[in-house]
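Here is how the chains run, residue by residue.
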Amino acid sequence: VYVKVFTNSPFLVCMDLGLSQEEIIDPDYLWIGPDGKNLKGQTYMNLTETGKLMVLGFKESMSGAYTCTLSHKIIEAETQDETEVSEAYKFMVYAYREPDYTYKISLRFTTKECKLGANKQFFEELKRILDNILSDLACHVIDPSYKCHSVKMPKQNLLHELFITFQVNPFAPGWEEVCNHLPYDCEDETNRRVQEARNRIEEFVNKQTYTLKHDFQTPPTIRYVDHSFEVTRIDSCRPGFGKNDVTHNDCASCCVVCDPGTYSPNNEVTCRTCVRTQIKQYGAKSC
């Protein structure tokens, strides 16, 4: 079972499908948490009289094995003899987070020649425009770069093109302020904003295509290469979380809490194995 941090878990039912179709006499439910303690009466648990358990405000430290023992009686119809039987059910419950999104964008512009001084000026102006487009989203352009290459296309003369790449990141200075109205976490909001930033840039690029076709009698020296806009999403996980599509293939795209024995100190997408000491808790950020 995967539970998003700071949300409530789904109800864990202390029963299998077969028993749920039968009458159960004198049921008694015993829930034991990952720390080995009885969960009855715990303030962060919602435990119903029918043995359903909901964990409230889930944190990474709440991950682990939740075990329920259902004890009930079987009464023989003829003799009315009573027999007490028990069934045990184990749930592995993991905290997870959505990945933090960054978008890597590449696009190309034709230019008159690679040694043209205007190439660098154009690149700097493009960066300024993009940051201006994103300014209200607390997103920014990082790792911008360009290279000029000579390109020979089929049945065309040699062209000179600027290959431009950059990343759109949702953690511009002051990004925390957009989260002040949120009770706990900000990943959904930052991901929404960086998605909006990516859409705005694509809209800006599409306008270049329209403008070239409709507003210029003579094409400018540096102009956008139609259909060269490409986007790749790069995921990162918060410290203490990582992706694992083998162990957690039911939640392969999630950043799942690091298992005991592993840790993640940064925004990598995998949990590292700790070989020096034995980590016993979930969500370790150091070894």
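Residues numbered from 1 in each chain as written. Predicted model: local features only at pLDDT ≥ 70, side-chain atom pairs only at ≥ 80, totals over all residues. Heavy atoms only, no water.

Focus: the overall build of the chain
Turning to step 1, where the next piece is worked out: A count of helices and strands for the chain gives 3 helices and 16 strands.
Turning to step 2, where the next piece is worked out: Computed over its C-alpha atoms, the radius of gyration of the chain comes to 28 Å, more than 25% above the 19 Å expected for a compact globule of 287 residues.
Turning to step 3, where the next piece is worked out: Relative to its full complement of 287 residues, the chain shows a buried share of 37%.
Turning to step 4, where the next piece is worked out: Put simply, of all contacts in the chain between residues at least 6 apart along the chain, 63% involve residues at least 24 apart.
Turning to step 5, where the next piece is worked out: When the 32 positive and 40 negative side-chain charges of the chain are each reduced to one mean point, those points stand 15 Å apart. (Helix = DSSP H or I, 4+ residues; strand = E, 2+ residues; numbered from the N terminus. Rg over C-alpha atoms; globule rule 2.2 N^0.38 Å. Buried < 20%, exposed > 50% of the residue type's maximum accessible area, 1.4 Å probe, protein only. Contact = heavy atoms within 4.5 Å. Lys, Arg positive; Asp, Glu negative; His and termini not counted. Charge placed at Lys NZ, Arg CZ, Asp CG, Glu CD.)

Details of the packing of aromatic side chains
Turning to step 1, where the next piece is worked out: By the definition in use, this model includes 7 aromatic pairs.
Turning to step 2, where the next piece is worked out: Summarising the aromatic geometry, the rings of Tyr-94 and Tyr-282 are spaced 6.3 Å apart at their centres and angled 70° between planes, so their arrangement reads as edge-to-face. Pair noted here: Tyr-94 is in strand β7 (residues 82-97) and Tyr-282 is in the segment after β16 (272-273), with a separation of 188 residues, a long-range link. As far as burial versus exposure is concerned, Tyr-94 and Tyr-282 are alike and both buried.
Turning to step 3, where the next piece is worked out: Three or more aromatic residues link up through ring pairs in this structure, and these residues are Tyr-2, Tyr-94 and Tyr-282.
Turning to step 4, where the next piece is worked out: Over the aromatic face of Phe-241 sits the side chain of Arg-97, whose NZ or CZ is 5.6 Å from the ring centroid.
Turning to step 5, where the next piece is worked out: Its end group placed over the ring of Tyr-101, Arg-233 keeps NZ or CZ at 3.8 Å from the ring centre. (Phe/Tyr/Trp six-rings, centres within 6.5 Å; stacked < 30°, edge-to-face > 60°. Lys NZ or Arg CZ within 6 Å of the ring centre and 35° of its normal.)

Re the sheet that holds strand β5 (residues 52-55)
Turning to step 1, where the next piece is worked out: With antiparallel pairing, 3 strands are arranged side by side in an open sheet as β2-β5-β4. Where the open sheet ends on each side, the last strands, each with one partner, are β2 (12-13) and β4 (45-47).
Turning to step 2, where the next piece is worked out: Pairing of β4 with β5 involves 3 bridges; the strand directions are antiparallel. Directly across from Asn-46, in β5, lies its bridge partner Met-54. (Pairing = 2+ DSSP bridges.)

A closer look at the pairing of strand β8 (residues 100-111)
Turning to step 1, where the next piece is worked out: Most of β8 sits inside the fold, with 9 of its 12 residues counted as buried.
Turning to step 2, where the next piece is worked out: In this structure, β8 lies alongside strand β12 (residues 230-236), joined through 7 bridges in antiparallel fashion. From the neighbouring strand, Thr-102 faces β12, where its bridge partner is Ile-234.
Turning to step 3, where the next piece is worked out: Relative to strand β10 (residues 158-169), β8 runs antiparallel, the two being bridged by 9 bridges.

Some thoughts on the environment of Ile-129
Turning to step 1, where the next piece is worked out: By the secondary structure assignment, Ile-129 is in helix α2 (residues 118-134).
Turning to step 2, where the next piece is worked out: In this structure the C-alpha to C-alpha distance between Ile-129 and Lys-207, which are 78 residues apart in sequence, comes to 13 Å.

Considering the nonpolar core
Turning to step 1, where the next piece is worked out: Within the largest apolar cluster, 30 residues are counted, with the highest numbers of intra-cluster contacts made by Trp-31, Leu-53, Phe-58 and Tyr-66.
Turning to step 2, where the next piece is worked out: Those elements that provide at least two residues to this core are β3 (25-32), β5, β6 (64-75), β7 and β14 (255-257).
Turning to step 3, where the next piece is worked out: If one sorts the elements of this core by residue count, β7 sits on top with 6 residues.
Turning to step 4, where the next piece is worked out: Residues from two domains meet in this core; each of domain 1 (2-97) and domain 3 (237-286) gives at least three. (Core = buried A, V, L, I, M, F, W, Y, C linked by side-chain atoms within 4.5 Å. Domains from an automatic or database assignment.)

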